[in-house]
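Understanding the architecture of this molecule
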Protein chains: 2
Amino acid sequence: MVAEFDLIRRYFTTSTADAAAGVCLGVGDDAALLAPASGHQLVVSVDTSVVNVHFPAEAPARAIGHRALAVALSDLAAMGARSRWCFMALTLDQHSAPLSGESDAWLADYAEGFLSLCRESNSVLAGGDVTSGQLTIGVTVMGEVLDGQAITRRGARADDLIAVTGSVGGGAGGLALWQRGERDLSHPLLERYLLPQPRLAAGQALRGLATAGIDISDGLLADLGHLRRASCVGAVLAPESLPLAAGLEDALGRDAAIQAALGGGDDYELLVTLHRTQLDEAQRRLAAVGQTLTVIGHCREAPGISGVGRYARDGWQHFSGETP
Amino acid sequence: MVAEFDLIRRYFTTSTADAAAGVCLGVGDDAALLAPASGHQLVVSVDTSVVNVHFPAEAPARAIGHRALAVALSDLAAMGARSRWCFMALTLDQHSAPLSGESDAWLADYAEGFLSLCRESNSVLAGGDVTSGQLTIGVTVMGEVLDGQAITRRGARADDLIAVTGSVGGGAGGLALWQRGERDLSHPLLERYLLPQPRLAAGQALRGLATAGIDISDGLLADLGHLRRASCVGAVLAPESLPLAAGLEDALGRDAAIQAALGGGDDYELLVTLHRTQLDEAQRRLAAVGQTLTVIGHCREAPGISGVGRYARDGWQHFSGETP
């Protein structure tokens, strides 16, 4: 394992201190020393990506590195936080294909995927560890938000609109294509599945407008359920108004596309609620950061959800190692 | 896996907010919201414990939970920080022995080990996740230290004394006993190996006195090497003065006991340097928190290390899944 440790050190060598980024002491001591901004709350989330559970072993290394960080950053986006620091716990299987013989190229690509997204998201890799075992990436992300300004799952009120950023169903559509053997990462659906983009700018733009928010990781219906329960509201959805990912209908057909968008997960878009009078302003702000916001329904007092009858499924098959 | 998720939720249900502990929003949203203390730096470390690499699969569940958190907290102790929050990423093998059939008891014991140490260390479990895969525990610990007061690996000067808290060699001695079949956790060496105590109070007491510090996880010589290189000093050790763990000489014989103390690791004591004039005060402060501090050598200008000749070994065999 020593060789891999050395490789990791080579690829992940970051500066040991970066005052501008609030890193007083980074990699290379027992712990990192960070300088939080005054008047802010810390926003912290942990996400673990396990090979053949959360991503296929044969996925490109760059996508594995990018995706492990992206899914964690998506939680910061949902809270309206700006990202500041991250920590990476990498468990490498020294006997597995990617690491036997081809360690060097695999790790270089993996690091490129992880560190590129660090740069894009202004998140400094401030520490981590490397251990031996089943390929697993544990990512801790730390962000900040002005005191009391975080968007949470609570706060949605009856009659609030329900809206989503970007497009949905791409995660499930990409998984379906992958399982059919598609390997071209430039395919827009595969890109949505393997290289999701955390909506950090959108989340920050929605602060003060969104009454509640969550990221779509488990699936739109499941995540809306989390939000509904936390806010004690019900929901009426209009599935026909869902902004389907480009190419999704062509790949799956319309009904399956809507089912994928409702149940598929892995989209990492933001699902938010907001008062009707705030919609224009929210859409203006999102347009300014290159994003769209589409109304897909509204909240109601009565619990539960309606409008999805003909598309209701118990759940969508997430990736679980078996290729049909 | 759903059943295990439910169990985890049951055993790890903590309050969703705890203002006194600086938790504005804990488990149950996309991310935790934490309130850092003003005038402090954050101290953050990540440690991953993998089954059969860092602990034996047959170790008591309580010890596995305790140990995973303890090794992470030990890094905060080394920096002189007080612990505040922790996050637990638990990957469970749903097909493995501890979880098939006996999930309930195993998880209850695991949670008891983890949460007891949370209470003892004033560390609030503020979030985490549960995934499916090889049994792995990723722990992120977050602490605080007054601006500029952290103890780091740099700062040791020629002529500084080298000292250790508590006793050493117990981790390696306990591992040796475990590998011989000893399973009684009340045996002091086994307790040292499986239930290490992070020296948080000692680390905080040494702030302002220690010129440098590190925790003994890789082994005393290896960790002293990290400190020497970071501080650009050499060292002269007096191995005969090492405070050996109780029972270690009886179990291994004197020479092997000293070798275990120098190379064994897993002790989670603090190794610090300090000016000679500060020794009395440091020992007084440690006595006040029930700890000892033993001088085991001193720093010098010339690089390298001397005094360990007859005990020098390339390395001690850490636990790696094979029982001899």
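As the structure is a computational prediction, the values presented were derived from the model and not from experiment.

**A closer look at the overall build of chain A**
Scanning chain A from terminus to terminus reveals 10 helices and 12 strands. In chain A, buried positions account for 59% of the 324 residues. Put simply, 83% of the contacts in chain A that link residues at least 6 apart link residues at least 24 apart. Counting every atom, chain A has about 11,900 Å² of accessible surface; 50% of that belongs to carbon and sulfur.

**Remarks on the interface of chain A and chain B**
Facing the 46 residues of chain A at the interface are 46 residues of chain B. A combined buried area of about 3,600 Å² lies between chain A and chain B, and 57% of that area is made up of carbon and sulfur atoms. Where chain A packs against chain B, one counts four salt bridges. At the boundary of chain A and chain B, one finds 14 residue pairs in polar contact (both at pLDDT 80 or more). Only β1 (23-25), β2 (32-34), β3 (40-50), α2 (61-78), β4 (82-92), β5 (124-132), β6 (136-146) and β8 (210-215) of chain A provide two or more residues apiece to the side of chain A that touches chain B. Considering every element that reaches the side of chain A that touches chain B, the biggest residue donor is β3 of chain A, with 10 residues. Class assignment for the residues of the side of chain A that touches chain B results in 22 nonpolar, 16 polar and eight charged. Sheet topology places β2 of chain A next to strand β3 (residues 40-50) of chain B; three bridges connect them, and they run antiparallel. Its bridge partner lying in β3 of chain B, leucine 34 of chain A is registered against leucine 42 of chain B.

**Let's talk about unusual backbone geometry**
Positive phi is not limited to glycine here, since asparagine 52 of chain A has a value of about 65°. Its place among the elements puts asparagine 52 of chain A in the loop between β3 and α2.

**Overview of the packing of α2 of chain A against helix α3 (residues 103-120) of chain A**
All names here are of chain A. At a minimum axis distance of 6 Å, the contact between α2 and α3 shows a crossing angle of 30°. In terms of axis orientation, α2 runs roughly parallel to α3. Along this stretch, α2 crosses α3, giving a crossing that reads as right-handed. Of the residues in α3, those in contact with Ala61, Arg62, Ile64, Gly65, His66, Leu69, Ala70 and Leu73 of α2 are Trp106, Asp109, Tyr110, Glu112, Gly113, Phe114, Leu117 and Cys118. Across the contact of α2 with α3, the residue classes tally to 10 nonpolar, three polar and three charged.

The rules behind the values
- Residues numbered from 1 in each chain as written.
- Chains lettered and ligands numbered in written order.
- Predicted model: local features only at pLDDT ≥ 70, side-chain atom pairs only at ≥ 80, totals over all residues.
- Heavy atoms only, no water.
- Helix = DSSP H or I, 4+ residues; strand = E, 2+ residues; numbered from the N terminus.
- Buried < 20%, exposed > 50% of the residue type's maximum accessible area, 1.4 Å probe, protein only.
- Contact = heavy atoms within 4.5 Å.
- Areas by Shrake-Rupley, 256 points an atom, 1.4 Å probe, with all protein chains shown as cover.
- Buried area = accessible area lost by both parts, 1.4 Å probe.
- Salt bridge = Lys/Arg side-chain N within 4 Å of Asp/Glu carboxyl O.
- Polar contact = N/O pair within 3.5 Å; in protein donor to acceptor, adjacent residues only side chain to side chain.
- Nonpolar A, V, L, I, M, F, W, Y, C, P; charged D, E, K, R; others polar.
- Pairing = 2+ DSSP bridges.
- Axes fitted to C-alpha atoms, helices over the stretch in contact; angles between N-to-C directions.
- Parallel < 35°, antiparallel > 145°, perpendicular 65-115°, else oblique.
- Left-handed = near helix turned anticlockwise from the far one by under 90°.

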